[in-house]
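Examining the three-dimensional arrangement
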Amino acid sequence: MTGTSRWKRRPKGATWGDWGPDDQLGRLNLLTPERVLTAREEIRLGEVYCLSLPLDYPGRNVLNPRRHPPVLEPTQGPDGAPRYNYPLQLDDPRHIDVGCDDRVHMTLQYSSQWDAFCHMGQMFDADADGVPEICFYNGFRGGEDIIGPVDYNPDGSQTPRPEAMGARKLGIETFAEKGVVGRGVMIDLERFFGREGRRLVTYEALMRVLQETGTVVEEGDLAFFYTGFADLLLEMGKDPDGPRLANSCAALDGRDDRLLQWITDSGVVALFADNYAVEQSPARPMPGERYANSPLHQHCLFKLGVPLGELWHLGDLARRLRELGRTRFFTTCQPLRLPGAVGSPASPVGIV
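Residues numbered from 1 in each chain as written. Predicted model: local features only at pLDDT ≥ 70, side-chain atom pairs only at ≥ 80, totals over all residues. Heavy atoms only, no water.

1. Some points on the packing of helix α7 (residues 257-266) against helix α8 (residues 295-304)
Between α7 and α8, the least distance of the axes is 10 Å, while the angle of their chain directions is 30°. In this view, α7 runs roughly parallel relative to α8, as classed from their interaxial angle. Every pair of crossing elements has a handedness; the one defined by α7 and α8 is right-handed. Residue-level contacts link L260, I263 and T264 of α7 to P295, L296, H299, C300 and L304 of α8. Partitioning the contact of α7 with α8 into residue classes produces six nonpolar, two polar and no charged. (Axes fitted to C-alpha atoms, helices over the stretch in contact; angles between N-to-C directions. Helix = DSSP H or I, 4+ residues; strand = E, 2+ residues; numbered from the N terminus. Parallel < 35°, antiparallel > 145°, perpendicular 65-115°, else oblique. Left-handed = near helix turned anticlockwise from the far one by under 90°. Contact = heavy atoms within 4.5 Å. Nonpolar A, V, L, I, M, F, W, Y, C, P; charged D, E, K, R; others polar.)

The following block contains the structure:
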């Protein structure tokens, strides 16, 4: 590890520079051809499971007021006519075809989703000049590599930016271009903690689950945490009960330093869960004046280069694995190849 033109110091425990000064993949670098071939051995029955919710779930904007359901609508021709069940004979009486063509307006992280590394950064003094800067994984900078429509100034004012917004580095397309294929490991929290009441899963609790289920997580694995949260969303039929959801199912305790160290030591490539944020959100308050609001996000996205996936639909696969007495499966987990985006709908599948 050496410093780069972007940074002279990296956060304690970070992997910045470990895969080169300009790396944008983090631990996805561990998904080598050899590991993909090993993962293939988990395909024994040929059964395929969809691991994403319908994109119009959870319904309304209860889980996050900024995120709204997708709006599907037809495209329009030059004459303004909607191109849905459109008889092409209107353009040429010789044509017998009927066409449909549509578009969608959507929040990229409304339903089953990926977090890119530029989804969450930190105020951090990467150049060791005593002044914290907006930084993201591997020292890429806010305002330089990740461009928003405005710059937020220390006094709270905003300065508009003339450039097109988006992530010039660390965009979600880097994951898609890599191709996320490997061995998934299902960690069945719902089996032990149920759905009633919110359970914060500490390192010790996680170790008990792994030991009692015989679940082994190795370097290069993709870890899936099944809590039952997405099952509840489906049962609510796009009319989510916010208070009930806030007090249901398990979530990782991002304030547990031993749990964060396990993520570091395990060599896991990515964490996916069927709940809202993988970790409890918001996390428990901490003493002191400054601390991370989402500590597991900071540890994974900002420090380690470990992607996160949230609100994935894991119930069907998790229950099938229980029946089979298995915890591992083959998976492909592509995000959209949408340049500059900080997140993406997820379209993963698991195969047993």
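2. Things to note about the layout of surface pockets
If you add up the space inside the largest pocket, you get close to 1,300 Å³. As for the largest pocket, its lining consists of 42 residues, of which C118, H119, M120, G121 and F136 are closest to the centre. Here the lining of the largest pocket takes three residues from strand β10 (residues 150-152), the largest share from any one element. By residue class, the composition of the lining of the largest pocket is 19 nonpolar, 16 polar and seven charged. Here the second largest pocket defines a volume of roughly 470 Å³. What lines the second largest pocket is a set of 19 residues, and nearest its centre among them are D257, L260, P295, H299 and K303. At the level of elements, β7 (122-124), α7 and α8 are the ones that each hand at least two residues to the lining of the second largest pocket. (1 Å grid on protein atoms, 1.4 Å probe; cavity = no way out; pocket = protein on both sides within 12 Å on 5 of 7 lines; lining within 4 Å. Points joined across faces, edges and corners; volume = space filled by probe spheres on them.)

3. Thoughts on α8
Every α-helix winds through 3.6 residues per turn, so residues three or four apart in the chain are directed the same way. Most of α8 sits out of view: nine of its 10 residues are buried. Among all positions of α8, only P295, L296, H297, Q298, H299, C300, L301, F302 and L304 are buried. Two residues or fewer past α8, G305 is found with a positive phi of approximately 75°. (Buried < 20%, exposed > 50% of the residue type's maximum accessible area, 1.4 Å probe, protein only.)

4. Focus: empty space enclosed by the protein
Scanning all chains against the criterion turns up one cavity of 30 Å³ or more. Together, 13 residues line the largest cavity, and P58, L63, N64, R67 and Y110 are the ones closest to its centre. Considered class by class, the residues forming the lining of the largest cavity number six nonpolar, five polar and two charged.

5. Here we look at the environment of A205
In this structure, A205 sits in helix α4 (residues 203-213). Apart from residues lying up to four places away in sequence, A205 is in contact with F193 and R199.

6. Re the sheet that holds strand β17 (residues 270-273)
Spatially, the nine strands line up as an open sheet ordered β1-β21-β19-β13-β15-β17-β18-β6-β20, and their pairing is mixed. Looking along the sheet, the strands with just one partner apiece sit at the ends: β1 (48-50) and β20 (343-345). For this sheet, the mean angle separating the axes of adjacent strands, direction not counted, is 25°. Note: strand β15 (residues 222-226) against β17, four bridges, orientation parallel. Bridged to L222 within β17 is A270. Of the strands in this sheet, β1, β13 (181-188), β15, β19 (328-332) and β21 (349-351) are in contact with helix α9 (residues 315-324), which crosses β13 at around 75°. (Pairing = 2+ DSSP bridges.)

7. Considering unusual backbone geometry
Each neighbour pair has its own omega, and for Y57 with P58 the value is 20°, a cis peptide bond. Position of P58 relative to the elements: it lies in the loop between β1 and β2 (71-74). Note the cis peptide between S281 and P282, where omega equals -5°. One can find P282 in the loop between β17 and α8. In this model, R60 sits at a positive phi of 50°, which is unusual for a non-glycine residue.

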